[in-house]
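Here is how the chains run, residue by residue.
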Amino acid sequence: MSGAKDDLTKKLHGISRRDFLVTSVAAGTIALLPRWVRAGSAEPYRIGVCLPTTGPGANYSARPIKGLPLIAAQINKRGGLLGKHPIELYFRDTQTKPDVGAREARSLILNEKVQCIIGTWSSAVAMAIQEIIHEHKVLHLAATSNSSKIVNENYTPYSFMFGPNSRMQSGATVVAVAEMIKKRGWNKFVTLGQDYEWGRDSQRVFVSELAKAAPEAKLIKALWCRLGETDFSSYITAIMAMKPDFMFGAIAGKDNETFLQQAKAMGLLKKVAYPGVFLPVTELIQQAKTLPRGIIGINRCPFFANMQYPMMQEYMKIYQAKFGKDDFPDDFACMYFDALNGLDQAAAKAGSVNNEAMRKALTGATIDTCRGKLKFRECNNQLDCPSYVGEVANSKEWPIPVFDPKTLIVVPGDKVWMPSCDEVQKVQKKRS
Amino acid sequence: MNNATKRGFWLRLYQTYGLTGPVSLVLGVAFLLVPLLPGEFPTIVAAEILILGLFAMSFNLIYGYMGQITFGHAAFFGVGAYSTALLMRALQSPVGQVGYLDFFLSLLIAMPVSALCALVVGYFCVRLTGIYFALLSLAFGELLYYLVFSWYSFTKGDDGIQGIMPPGIFSEVVNYYYLVLIVVAGCTVLLWRITNSPFGYTLRMIRDNQRRAVFLGINVRLVMLANFVLAGAFAGVAGALWGPFQRSVSPFLLGWVQSGMAVFMSLIGGAGFLTGPLVGSAIYTFLNAYITQFTVYWPLTIGLIILFLVLYLPGGVLSLLDKRLSPLKHHDYLPEDAAPEAARSGESS
């Protein structure tokens, strides 16, 4: 009878009187223990996550924000870093503004006492944060923003890049296009770039590098569109009239999406190949129905090209167990997975969660990732990670369009990064 | 002993200087004591409040005193920030250090550069009023934004400029904070002098009745241009302080979102008061710094605050205080010798 009463009490109040008393006494005793007694067993490892939940970067941040707690929980199941430092995550919205990013980084370091900051979208925000983390000697794991300046011109030994940087990505496009030129017999192309420094610089690098890799391909026209262009019809008809074999686009963000939609509607993509469009898994999911098949895209960490690796299988399993079979971790979510696991491995290597020890352990380390075993370059902390180029096609295996395995070209990082460390160090900022 | 003496120091201060007196004193003492709070973060937030407060006060010269709204004011803030950042970069040693003299020179350069920029923009803007003034100022602001955004070889484009470290003792948060406090306090005194000078009253007249000002022989365009240049110069000072404080500058500082921030701050604090934007900055920046620790819905929060203010407190937070105190201002217990002074000060109204 008494047992039945206890059960009823438990059901009604969620906890029995006896359990409550035992828990309270235990909690009180732990709280009264001196800090040094508890420190060895439960000092958490605090990580600040700086990602935009508003503004243009919010789209690419949604899945990392969903995925990070799962990865932390997975590591915490083993007790956390070194089996005794559970990971605590502190999310902050950078609003895609460098000064807000810098303020949030300061707040995380000073208020939440984080030992590491992960993020962010937008290279300008990442570089603003780099100044703060360098000053406070806190680790910075860059897994979305990929300007090569983060590891070169604005280098700090505390920043580590987990994706191919912009320079490596452009290089990968050249390697893949050169291969396609040889296979498909292409010999003339046009370029369309946004008329500002980034657009002009990307076009210049592509054209000059391609001239070395595949001199048989000739540039017949360079077109320039203004930043924020909403009507590409005149450019599209001009390109179609010139009948090139392929075109190279240096069009970023929303403008690229607008261009793609208009190019598809006007039939350009059926007549002219367009290699090198940045198509992360996020876009493959969101534009599953409308994305033109056959278009040649580039991305940084697609799950479908890495399912042979146990870590990718494991991540896919926990991700889909939580969010369902129709959702997939995008490139960014996968790179954040690698970032947290890289941190875990660095702690194990260093035997400590001390910032300086972790930094030294990560520098030049080879880590196990969802893209296989990858090594950090010692002179700039750039992970030797590949870029993936391929044709978008429907798949029997996946409910979303993916890069066709028959056309997929995986360009290793070390094939397209700055050739020598001397070159890297020449451009690196000297910090006091 | 009359009633005024009984009510003491604060009432006298209010009667003599309007709400600017007691608010400045309270804020001044509070800002002096901020570094005593535990941790560095409150000092960082307070520095941000002061710098953005100065920026909002400079905006309020155009909005609150001249009666024109501008959505391009951040351009001068950004120009100030970039002037300082570029000069500091040019004067830095190979390891990124800058001397004290070079640092102060870099800060000083911002004011004339921003003023010059405001002179060019203002020359065109003051020919218009109302919505046309607002649109033209926005257009110029965006033009300057795109210039900075696109000019990679000079401004580093959309990446911005990083590594703007103040020298020696000013790299410590507390020391830099006191430098900011001194500069902002000095600028506030200057702004008070300006707004309470005949020039300031001319501005109010232009705001209230431009046609009458013309009939009285006032060169309205010239006065408006002079005020526009002054506002740009003060925004430049705020911008100059911002770069070394954040260690970096980016083109976002010149964008319309940054301009909107000054509008919000003025509305929250009260555009009818010299220190209104500073109070607005304190509320806005404090909430932005601390609310984001609990929720990522910051735009929703600030949206609700603005909605509430527009509906229930259109004169801003300080107007509520002023409404309660104003019956005391001209009451019979006002000392006779203070009466003319009080009538002369009377804020912007």
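Residues numbered from 1 in each chain as written. Chains lettered and ligands numbered in written order. Predicted model: local features only at pLDDT ≥ 70, side-chain atom pairs only at ≥ 80, totals over all residues. Heavy atoms only, no water.

Q: Even after reading the chapter, I still don't get the state of the cysteines, so can you show me in this structure?
A: Here a disulfide denotes one covalent bond, and it connects the sulfur atoms of two cysteines. All names here are of chain A. A full pass over the atoms with the stated rule returns one disulfide over all chains. Across the disulfide from Cys 379 sits Cys 421; the S-S distance is 2.2 Å. Given an S-S torsion of about -75°, the disulfide between Cys 379 and Cys 421 has left-handed geometry. Of this pair, Cys 379 sits in the loop between β12 (372-375) and β13 (387-393) while Cys 421 sits in helix α17 (residues 421-427), and the two are 42 residues apart along the sequence. Free of any disulfide, Cys 370 has its nearest cysteine sulfur in Cys 301, 4.1 Å distant. By relative accessible area, which is 0% here, Cys 370 ends up buried. (Disulfide = S-S within 2.5 Å. Helix = DSSP H or I, 4+ residues; strand = E, 2+ residues; numbered from the N terminus. Buried < 20%, exposed > 50% of the residue type's maximum accessible area, 1.4 Å probe, protein only.)

Q: Any chance you could explain the sheet that holds strand β8 (residues 246-250) of chain A here in plain terms?
A: Strands in a sheet are paired, the pairing made by backbone hydrogen bonds, and the direction either parallel or antiparallel. Residues and elements named next belong to chain A. Here three strands make up an open sheet; going across it, the order is β7-β6-β8 and the pairing parallel. The sheet terminates laterally at β7 (218-225) and β8, the two strands that pair on one side only. Each neighbouring strand pair of the sheet contributes to a mean axis angle of 20°, computed without reference to strand direction. Along the sheet face, helix α9 (residues 233-242) touches β6 (188-194), β7 and β8 and points at about 170° away from the line of β7. (Pairing = 2+ DSSP bridges. Axes fitted to C-alpha atoms, helices over the stretch in contact; angles between N-to-C directions. Contact = heavy atoms within 4.5 Å.)

Q: Explanation requested: the interface of chain B and chain A in the structure shown.
A: A common way to report how large an interface is uses the accessible area buried once the components associate. Contacts between the two partners involve 36 residues from chain B and, on the opposite side, 34 residues from chain A. Together chain B and chain A conceal approximately 3000 Å² of surface at their shared face, both sides included; 56% is due to carbon and sulfur atoms. Contact with chain A buries area across many residues of chain B, yet Phe41(B), Asp159(B) and Gln162(B) alone supply 18% of it, more than any other trio. Inspection of the chain B/chain A interface yields three salt bridges. (Buried area = accessible area lost by both parts, 1.4 Å probe. Salt bridge = Lys/Arg side-chain N within 4 Å of Asp/Glu carboxyl O.)

Q: Please explain the packing of aromatic side chains as it appears in this structure.
A: Each aromatic ring pair is characterised by the separation of its centres together with the angle its planes make. The final tally for this structure, using the stated rule, is 43 aromatic pairs over all chains. When the ring of Phe206(A) is compared with that of Phe248(A), the centres are 3.8 Å apart and the planes differ by 5°; the resulting orientation is stacked. Note that Phe206(A) is positioned in helix α8 (residues 197-213) and Phe248(A) in strand β8, a separation of 42 residues in sequence. Like Phe248(A), Phe206(A) is buried. Taken together, a centroid distance of 5.1 Å and an interplanar angle of 80° make the contact between Tyr145(B) and Tyr146(B) edge-to-face. An aromatic cluster is present here, built from Trp186(A), Phe189(A), Phe206(A), Phe246(A) and Phe248(A) joined pairwise through their rings. Lying over the aromatic face of Tyr123(B), Arg127(B) brings its terminal NZ or CZ to 4.2 Å of the ring centre. (Phe/Tyr/Trp six-rings, centres within 6.5 Å; stacked < 30°, edge-to-face > 60°. Lys NZ or Arg CZ within 6 Å of the ring centre and 35° of its normal.)

Q: Explanation requested: the pattern of salt bridges in the structure shown.
A: For side chains bearing opposite charge, pairing can occur when the charged atoms are close. Evaluated as defined, the whole model comprises 17 salt bridges over all chains. One salt bridge connects Arg92(A) with Glu104(A), and the closest N-O pair in it is separated by 3.0 Å. With Arg92(A) in strand β2 (residues 87-93) and Glu104(A) in helix α5 (residues 98-110), this pair connects stretches of sequence that are 12 residues apart. Residues Arg92(A) and Glu104(A) agree in their burial class; the two are buried. In this structure, a network of salt bridges that share partners links the residues Arg92(A), Arg103(A), Glu104(A), Glu112(A) and Glu48(B).

Q: Could you clarify how one ought to interpret the packing of helix α6 (residues 100-125) of chain B against helix α12 (residues 220-246) of chain B in this entry?
A: Helix-helix packing is characterised by the crossing angle of the two axes and by the distance between the axes. Residues and elements named next belong to chain B. As a packed pair, α6 and α12 sit with axes 7 Å apart at the nearest point and diverge in direction by 145°. Crossing of α6 against α12: the hand is right-handed. Contacts between α6 and α12 pair Phe 103, Leu 107, Ala 110, Met 111, Ser 114, Ala 115, Ala 118, Leu 119, Val 121, Gly 122, Tyr 123 and Cys 125 from the former with Leu 225, Phe 228, Val 229, Gly 232, Ala 233, Phe 234, Gly 236, Val 237, Ala 240, Leu 241 and Pro 244 from the latter. Taken together, the residues that form the contact of α6 with α12 break down as 19 nonpolar, four polar and no charged. (Left-handed = near helix turned anticlockwise from the far one by under 90°. Nonpolar A, V, L, I, M, F, W, Y, C, P; charged D, E, K, R; others polar.)

Q: Honestly, helix α13 (residues 310-323) of chain A in this entry has me stumped. Any pointers?
A: Structural remark: α-helix, 3.6 residues per turn; residues separated by three or four positions point the same way. Residue and element names in this part refer to chain A. Over its 14 residues, α13 runs 20 Å from end to end, which matches the ideal 20 Å to within 8%, given 1.5 Å per residue. Looking at α13, one finds that the buried residues are Met 311, Met 312, Tyr 315, Met 316, Ile 318, Tyr 319 and Gln 320. Summarising the contacts, the buried residues of α13 are in contact with α4 (58-77), α14 (331-350) and β11 (366-369). (Expected span 1.5 Å × (residues − 1).)

Q: Honestly, the confidence of the model for chain B in this entry has me stumped. Any pointers?
A: Atom-level detail of predicted coordinates should not be read off regions where pLDDT is low. All names here are of chain B. Averaged over all residues, the pLDDT of chain B is 88; the fraction at 70 or higher stands at 92%. With pLDDT under 50 throughout, residues 332-346 is counted as low confidence; its partners more than four residues away or in other chains account for 23 contacts. On the interface metric, ipTM, the complex scores 0.81, and its pTM is 0.82. (pLDDT = per-residue confidence, 0-100.)

Q: What is the right way to look at a nonpolar patch on the surface in this model?
A: All names here are of chain B. Nonpolar side chains collect at one region of the surface, where Phe 9, Trp 10, Leu 25, Val 26, Val 29, Leu 32, Leu 33 and Leu 36 lie side by side and expose about 800 Å² of accessible area between them. Where the nonpolar patch is concerned, the elements lending two or more residues are α2 (9-17) and α3 (20-33). Looking at the nonpolar patch, the element that brings in the most residues is α3, giving five residues. If you trace the backbone, Val 26 turns up in helix α3. (Patch = residues over 30% accessible without salt bridge, like charges linked within 9 Å, V, L, I, M, F, W, Y side chains within 5 Å. Areas by Shrake-Rupley, 256 points an atom, 1.4 Å probe, with all protein chains shown as cover.)

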